[in-house]
Amino acid sequence: MRGFNDGWNEVLTGWGTQFGPWAASPTENGSVRYVRQVIDWAEVQKQNGGPFDFTRYWALRENLREWNTANPQRPLRILPRCMGCPQWAIPSGYQCPAYWNWCHEGMDGQFGAFVAETLKYFDAPGYRLVDAAEVWNEPNTPEFGAVPYSRFAGLVWNGQYWTGLYYEQGNYSRPMTVLAGGIAMRGPAEKATSGAGGSMNGWSYENGNFVRIPMSWQTYMQKFQESIQWSTFDIGIHPYYFGNSSSEAASKILSLFDEAKNYTVQAPGVPLRNLWVTETGCSSRSPFGQQGQQDVLSSVNKGLAERSRCKAMIVHRMWDDSETGTFAGYGLGRLSTSEKKQAWWALHAAWA
């Protein structure tokens, strides 16, 4: 799976007609491109036990269908990342400082149904736009809820359980994959950085308070899997390099992928979990420049293609017009000027 993180946010503000030419393969070679995009539970199920209403994402689905109908040799699909929590499902007395709340454990089944319904919506007859869903995004960060590993395990388990049930009931055109979403791969010693996921993996929510705990991403990754090791699911990871050396950036990113392999946990007889790089990237700002961005991402792409158990490379991000802070310059193009950076052309050529 090859593609981009985000991008459809801009579709909702009027850039939809320009989305396809940027996201899809530039040549008619049949290569599929994916865009990873958040689907917010709070937007689609307003009442406890109520119906699922995906009106908020109707334009996204239609934009994809129309593009694929007109460009069958340059198809696009979505990797939905399912997250969020309606107000009625938030634990009593709890309010996450960030927007992305996590639900009361008694609501995990409804969250699982939400994941399954999301896949059903994008796999509906006439669309067939999806192969997998990702549960959450960087759950081990305050910005995305600081989800305790025990609660994250419940969300992942229910997502894969309900998805499997829906498949058995004939709701999908093919088997669907569920992955535990986007583990942030930065350690508790690192300080908060606005826009970069914050002080990361050394936080948890315990006894009504956010507390600092000595938990690395490695520990978090192991802990959430332990109680659900008999389940079949894959894992999303986010290997980034935030240093200033273009010569070591690619090797650092690839070494994080290799390290993550050592922290997958599965019971005997359960297949080894695949790893999906659902975010990685490099800035075109100084000291890298466009050539440095191209070199780093090309090397990462080549390295991941050579590694076993790697199922995806999703680049953050498609455009950098609206990006500020830590991730400024990470886009592979500037929509405002119609400029496609060197890395955009290099990756598409490699992905062909």
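Before reading on, note that the structure itself is shown above.
In this text, all values refer to a predicted model and were calculated from it rather than measured experimentally.

1. Looking at the overall build of the chain
And then number 1: Along the chain, the regular secondary structure elements total nine helices and 12 strands.
And then number 2: Evaluated residue by residue, the chain yields a buried proportion of 58% over its 352 residues.
And then number 3: Considering only contacts in the chain between residues 6 or more positions apart, those separated by 24 or more positions represent 75%.
And then number 4: Counting every atom, the chain has about 14,000 Å² of accessible surface; 49% of that belongs to carbon and sulfur.

2. Digging into the packing of aromatic side chains
And then number 1: Enumeration according to the criterion identifies 24 aromatic pairs in this entry.
And then number 2: Each ring, one from W41 and one from W88, has its centre 5.6 Å from the other, and the planes form 80 degrees; the classification is edge-to-face. Placement of the pair is W41 in helix α2 (residues 41-44) and W88 in the loop between β3 (76-83) and α4 (108-122), with a sequence separation of 47 residues.
And then number 3: The exposure class of W88 is partly exposed, given its relative accessible area of 21%.
And then number 4: Look at W157 and Y161: their rings are 5.1 Å apart centre to centre, the planes differ by 5 degrees, and that puts the pair in the stacked class. With a gap of four residues between them, W157 and Y161 both fall in helix α5 (residues 149-168), about one helical turn apart.
And then number 5: Cluster of aromatic residues (ring-pair linked, three or more members): W41, W88, F111, F114 and W136.

3. Notes on the packing of helix α8 (residues 289-305) against helix α9 (residues 342-351)
And then number 1: Here α8 crosses α9 at 20 degrees, and the two axes come no closer than 8 Å. Classified by the interaxial angle, the pair formed by α8 and α9 is roughly parallel. Regarding α8 and α9, the two cross each other, and that crossing is right-handed. For the pair α8 and α9, contact is made by Q290, Q291, Q293, Q294, L297, S298 and N301 and by Q342, A343, A346, L347, A350 and W351, respectively.
And then number 2: Per-class residue counts for the contact of α8 with α9 are six nonpolar, seven polar and no charged.

4. Structural notes on the pattern of salt bridges
And then number 1: According to the stated counting rule, one finds 14 salt bridges in the structure shown.
And then number 2: The shortest N-O distance in the salt bridge between D131 and R77 comes to 3.2 Å. In this pair, D131 sits in the loop between α4 and β4 (132-135) while R77 sits in strand β3, placing the two residues 54 residues apart along the sequence.
And then number 3: Given a relative accessible area of 17%, D131 falls into the buried group.
And then number 4: With relative accessibility at 24%, the residue R77 sits in the partly exposed group.
And then number 5: Between R151 and D108 there is a salt bridge, with the nearest N and O atoms lying 2.7 Å from each other.

5. Overview of α5
And then number 1: For α5, built from 20 residues, the straight-helix expectation of 28 Å at 1.5 Å per residue is met to within 8% by its first-to-last C-alpha distance of 29 Å.
And then number 2: All of the buried residues in α5 are R151, F152, A153, G154, L155, V156, N158, G159, Q160, T163 and Y166.
And then number 3: Against the buried residues of α5 lie α4, β4, β5 (177-184) and α6 (217-226).
And then number 4: G170 sits one or two residues past α5 and shows a positive phi near 80 degrees.

6. A word on the sheet that holds β3
And then number 1: Around the barrel, eight strands lie side by side as β1-β2-β3-β4-β5-β8-β9-β10; this closed barrel has parallel pairing. Neighbouring strand axes in the sheet, compared pairwise and without regard to direction, differ in orientation by 30 degrees on average.
And then number 2: Here β5 pairs with strand β8 (residues 234-238) via four bridges, running parallel. Paired with A184 across the two strands is H238, which belongs to β8.
And then number 3: Here α4 sits on the sheet in contact with β2 (33-40), β3 and β4, set at roughly 165 degrees to β3.
And then number 4: Of the strands in this sheet, β5, β8 and β9 (275-280) are in contact with α6, which crosses β5 at around 150 degrees.

What counts as what
- Residues numbered from 1 in each chain as written.
- Predicted model: local features only at pLDDT ≥ 70, side-chain atom pairs only at ≥ 80, totals over all residues.
- Heavy atoms only, no water.
- Helix = DSSP H or I, 4+ residues; strand = E, 2+ residues; numbered from the N terminus.
- Buried < 20%, exposed > 50% of the residue type's maximum accessible area, 1.4 Å probe, protein only.
- Contact = heavy atoms within 4.5 Å.
- Areas by Shrake-Rupley, 256 points an atom, 1.4 Å probe, with all protein chains shown as cover.
- Phe/Tyr/Trp six-rings, centres within 6.5 Å; stacked < 30°, edge-to-face > 60°.
- Axes fitted to C-alpha atoms, helices over the stretch in contact; angles between N-to-C directions.
- Parallel < 35°, antiparallel > 145°, perpendicular 65-115°, else oblique.
- Left-handed = near helix turned anticlockwise from the far one by under 90°.
- Nonpolar A, V, L, I, M, F, W, Y, C, P; charged D, E, K, R; others polar.
- Salt bridge = Lys/Arg side-chain N within 4 Å of Asp/Glu carboxyl O.
- Expected span 1.5 Å × (residues − 1).
- Pairing = 2+ DSSP bridges.

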